[in-house]
Amino acid sequence: MVFSVVIYYTFVSLQYSPEVQMAIESENSLLNIFIAGSVVLILFVAIFILYSNSFFTKKRKREVGLYSLLGLRKKTIGKMLFYENIIMGGIAIIIGVILGTILSKLFTMIVLRLLDTPVEVSFEVSIEAILNTIIVFMIISLFTSFNAYRLIYRFKLIELFRAEKEGEHAPRTSFIAAITSIILIGFSYWIGFQSPTSDVQLLVNLGLYLISIVVGTYLLFRFLTIYILRQLQKKKTIYYNGTNLVGISQLLYRINGNARTLTIIALLSAVTISAISVGYSFYYTNEKQAEKEAPFSYMHISLDESVDKHIEKTIQSDTEHPINGQIDIPVINLNGEVSNPLLQDYLEEGPIKIISENTYNEALRMLDRESNIQLSGNQTIGIQPLLTEYTSADYEEHTITLQLPNKEIELAFSSMLEDRIIPWNYPDFNIVVSNQLFSEIATQITPVTIKAYEVANEKSTKDTTVQIQKIASEDMQLTTFYNIYRKGLESGGLNLFILGFLGLVFLAATGSIIYFKQLTEAHDDRSRYEVLRKIGVSKKELNATIRKQIIFVFGLPLIIGIIHGIVILQIASNIFSVLIGMNLTIPIVITILVYFIIYLGYYFLTLTSVKNTVNN
Amino acid sequence: MRTIVNAKNIKKVYGTKGNVFTALDNIDLEVQEGEFVGIMGPSGAGKSTLLNVLATIDQPTSGDINIDGTSIVNMNEEQLAAFRRDKLGFIFQDYNLLDTLTVKENIILPLALAKVDPNELEHRVLEVANKFGISPILDKYPYQISGGQKQRTAASRAIISKPSLLLADEPTGALDSKSATDLLESLKGLSEVDKATILLVTHDAFAASYCDRVIFIKDGKMFTELVKGKGSRKEFFQKVLDVLSALGGGQSDSI
């Protein structure tokens, strides 16, 4: 409970923190993201509190039964539990807010760090955040208190006493259900990779995907694991070998009650891993993405010479960011048609932008990239349009027909390149032609000149960017690296923070759920281990079988979660256009690794606690 | 005749300075192979402590214990566990069966732990189950069978590894008289036919009357010893009752 309050308060106070609000220039989207985040958090926190609450009441049924047996009236017991719960809730809120205040400063610093904004973080208490937190948790607390009050009315006395003896029976399994689980999960993966043709179909697919993956995962834990364990049991050489007998049967016996928990953990892990990976990928790929969208630090179309001069002076006067290179890029806009229908679909009506080979080579060298293309005659090279995954194969052996005012000329694609030199503008269809051809076309159609400047430390050119923005008119289509980078950083950093924060909450919760569950079970298992000790199982062997069981309980949902997560990521990268064509391996691997390490921490914590419980 | 148990001057003291309780006070005990020995005494006399010490579950404060020629006093945790597995068999009042295992699995547990060959296992389990008449319920779970059947399962588990010494702690305590008689007959059979050495802790004079010899302890000290000799079980039962009434605080029907 304290934990939940801390998390929620930290999050809400961030939302109200003036530093964070100031740091974001697009405030509306920020607010929306934060509100969405807090809704998810409330839902999650509520579920978590209810879960742990039911866990504790289960443990206390006996105590309540005893009070009843001693002659306390139901009403009195109910009231007692109610007040107890309310007081505990109140204390939790107070402690949570205090801890949250300390933590929120830390998190504010993290957010600002991610947004790359050096701001002194003041230490302050946000009244709005406190009120928000108190209201939310009072409601949850009242609800659980009311639940506690009803406890005594819900059960018969005999049930209260029997609570802890509620035995789980040896589970049955069915081969069909086990197979169904695999088929369902396979189906969900398959449907995830279908590219929907309409929005309705997308929703239908999403629904089918969710249902089949949830049901499939549940069946997997409920039946397939049992089936596998049963098969192991039949292999006498394995089953009758040392403590395997105890370990396997113990797992079998427990899995019925655990199937739901394991499913939740696997799914939460999947969601967490994929969410953080997506957030991290946005952040991670931001710079590359910005470089593709705005290859140069400043680019604008030349319309008026005096304005051009003014801009040039402004850039020159910024001594902190000396100019590394400056180039005029003549571009010819022409209509045309591509012989590959795939590319034609993309191109539609829009103009094709034509650049000469010399300009292309020179511009790329200015950006410190190797380029030495040589074209002759009717040869041309395509440049990969941004946000697409076209490859050289889509261009090779296809032709493009350009419509000049008096005639049509046909060019043959020799390959495709990824490096871009002009700013993004839909349709982003650029081709490079030979110098000779370019000047030939230029005699008929006047090229547009794009002025491009590349400066040092382009990430921090805020001041100059603002100044140029004042000078340049709308028609000049000013594109600055800083603006695009900054926009990506803001949304990417914030996404990463919110997704990471929620992921951390999920992770903490899943870890706690397993921890609690394993500890209760260890409590119940104590007598069993006691028997084993008396029969002559050494401490070492006992610990080994405990370890194996916990590895099973921890490892299985983690593996399933990671597999689900990776598949979800594959699907996500097909949906989010920004992620198309990005190599996400590194962010995904880092995310999974971090997740795994924290998860491992929970494993060791659980293992130690269970061992202590059993050995005492 | 081998000497299975040879315990000398066993002393067990609980508590710390100022609040010391002597549970066992210089007890000597010797049990020969094939003997069926009962240990009786009022509550708190130290019966269970003695059994626990002999079972290596508890360590004596001082004294020396040899079981089947091996001294158990200075063994470490690992050695003790192996020793319990190889040399001792246990039957407890509350059965202590694992409810996650079937009857059969419960019985073979000690052998599985000792990594005995699976074929050998199957063979031994049938042999033992026949002896105790539980072959029809081998595939059932403990919650599906009666108390008497549970205790016979526990007894089967105790003897399957052919232990040097079988320790029984109030095995009839939770059984009805029919089941108790069956179990005691089986144990007697084991001792007479298979030459099993059995140590039985009980406060039930009826159970004790099945023994060859009964040792009475009181306040942690040896009180007296009764040997059955050639008399009938009924006569021996009467003798046991007489001693108990002299001992005081024993069975309610002896007052």
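An unreviewed UniProt entry lists chain B under the name ABC transport system ATP-binding protein, from Anoxybacillus andreesenii. Checking UniProt for chain B, the heading Sequence similarities (unreviewed entry) contains the comment "Belongs to the ABC transporter superfamily."

> Kindly report on the overall build of chain A, identifying the contributing residues and their values.
The helix and strand inventory of chain A stands at 19 helices and 10 strands. Computed over C-alpha atoms, the radius of gyration of chain A comes to 32 Å, more than 25% over the 25 Å expected from 2.2 N^0.38 for 616 residues, which places it beyond the range of a compact globule. Put simply, 84% of the contacts in chain A that link residues at least 6 apart link residues at least 24 apart.

> Requested: an account of the interface of chain A and chain B, with residues and values cited.
Across the boundary between the two partners, chain A contributes 21 residues, which contact 24 residues of chain B. Broken down by class, the residue content of the side of chain A that touches chain B amounts to 7 nonpolar, 9 polar and 5 charged.

> Provide a residue-level description of the sheet that holds strand S6 (residues 88–91) of chain B, including the pertinent values.
Residue and element names in this part refer to chain B. As summarised here, the arrangement of the 6 strands in space is S6-S7-S8-S3-S9-S10, forming an open sheet in which the pairing is mixed. Of all strands in the sheet, those bounded by a partner on one side alone are S6 and strand S10 (221–227). Between one strand axis and the next, the sheet turns through 20 degrees on average, direction left out of account. Relative to the sheet, helix H8 (residues 233–247) contacts strand S3 (36–40), strand S9 (213–218) and S10, its axis offset from that of S10 by approximately 160 degrees.

> How would you sum up the environment of A:Leu342? Please name residues and give values.
Residues and elements named next belong to chain A. Positionally, Leu342 belongs in helix H12 (residues 341–347). For Leu342, a count of 12 C-beta atoms within 10 Å puts it in the exposed group. Sequence separation between Leu342 and Tyr395 is 53 residues; the distance between their C-alpha atoms is 9.8 Å.

> Lay out the pairing of strand S5 (residues 379–383) of chain A with the relevant residues and their values.
Residues and elements named next belong to chain A. Of all 5 residues in S5, 4 are buried; the element is thus mostly enclosed. Alignment of S5 against strand S7 (residues 408–417), held across 5 bridges, turns out to be parallel. Paired with Gly382 across the strands is Met416, a residue of S7. Here S5 pairs with strand S8 (residues 430–433) via 4 bridges, running antiparallel. When the sheet's bridge partners are listed, Ile383 is paired in S8 with Asn430.

> Give me unusual backbone geometry: which residues, what numbers.
Phi angles above zero are rare outside glycine, and A:Gln477 is one such case at about 45 degrees. On the secondary structure map, A:Gln477 appears in the loop between helix H16 (462–471) and strand S10 (479–480). Look at A:Gln477 and you get partly exposed, because 15 C-beta atoms sit within 10 Å. Even without a glycine there, the phi angle at B:Lys195 is positive, about 60 degrees. Within the secondary structure layout, B:Lys195 lies in the loop between helix H6 (177–193) and strand S8 (198–201).

> Describe the packing of helix H11 (residues 305–317) of chain A against H16(A), with residues and values.
Residues and elements named next belong to chain A. It is the contact of H11 with H16, at a shortest axis distance of 10 Å, that shows an interaxial angle of 170 degrees. As judged from the angle between their axes, H11 and H16 are roughly antiparallel. Residues Val307, His310, Ile311, Thr314 and Ile315 of H11 form the contact with H16, whose own contacting residues are Thr464, Gln467, Ile468 and Ile471. Counted by class, the contact of H11 with H16 contains 5 nonpolar, 4 polar and no charged residues.

> I'd like to hear about the environment of B:Ile159, residue by residue, with values.
Residue and element names in this part refer to chain B. Counting through the fold element by element, Ile159 comes out in helix H5 (residues 147–160). C-beta crowding within 10 Å serves as the criterion here: with 23 such atoms nearby, Ile159 is assigned to the buried category. On a C-alpha basis, the gap between Ile159 and Ala129 in space is 11 Å, while along the polypeptide they are 30 residues apart.

> Account for helix H4 (residues 74–114) of chain A, with residues named and values stated.
Largest kink in H4(A): about 30 degrees, centred on A:Thr101. Within the sequence span of H4(A), burial applies to A:Ile77, A:Leu81, A:Asn85, A:Gly89, A:Ile93, A:Gly96, A:Val97, A:Gly100, A:Ser104, A:Thr108, A:Val111 and A:Leu112.

> Summarise the nonpolar core; cite the residues concerned and give the values.
Counting 165 residues, the largest nonpolar core has B:Leu54, B:Leu167, B:Ile198 and B:Leu199 as its most contacted members. No other element matches the 23 residues that helix H10 (residues 244–293) of chain A contributes to this core. If you count residues domain by domain, this core takes at least three from each of domain 1 (1–166) and domain 2 (168–297 + 481–616) of chain A. Sequence-distant contacts of B:Leu199, that is, excluding residues within four places in its chain, are made with B:Val31, B:Val37, B:Ile39, B:Leu51, B:Leu54, B:Leu165, B:Leu167 and B:Ala168. Among the nonpolar cores identified, the runner-up in size contains 45 residues, and A:Ile329, A:Ile422, A:Met476 and A:Tyr485 belong to it.

> Mind laying out H8(B), listing which residues take part and the relevant values?
Residues and elements named next belong to chain B. Relative to the 21 Å expected for 15 residues at 1.5 Å per residue, H8 spans 21 Å between its end C-alpha atoms, a close match to the ideal helical length. Burial in H8 covers these residues: Phe236, Val240 and Leu244. All buried residues of H8 project into a common sector of 80 degrees when viewed along the axis, lining one side. Looking at the buried residues of H8, the elements they touch are S3, helix H7 (205–208), S9 and S10.

Conventions used here
- Residues numbered from 1 in each chain as written.
- Chains lettered and ligands numbered in written order.
- Predicted model: local features only at pLDDT ≥ 70, side-chain atom pairs only at ≥ 80, totals over all residues.
- UniProt positions renumbered as here; feature names shortened; annotations may be inferred.
- Helix = DSSP H or I, 4+ residues; strand = E, 2+ residues; numbered from the N terminus.
- Rg over C-alpha atoms; globule rule 2.2 N^0.38 Å.
- Contact = placed C-beta atoms within 7 Å.
- Nonpolar A, V, L, I, M, F, W, Y, C, P; charged D, E, K, R; others polar.
- Pairing = 2+ DSSP bridges.
- Axes fitted to C-alpha atoms, helices over the stretch in contact; angles between N-to-C directions.
- Buried ≥ 20, exposed ≤ 12 C-beta atoms within 10 Å, placed from the backbone.
- Parallel < 35°, antiparallel > 145°, perpendicular 65-115°, else oblique.
- Bend = angle between axes of the 7 residues up to and from the residue.
- Core = buried A, V, L, I, M, F, W, Y, C linked by C-beta atoms within 7 Å.
- Domains from an automatic or database assignment.
- Expected span 1.5 Å × (residues − 1).
- Arc of directions from axis to C-beta.

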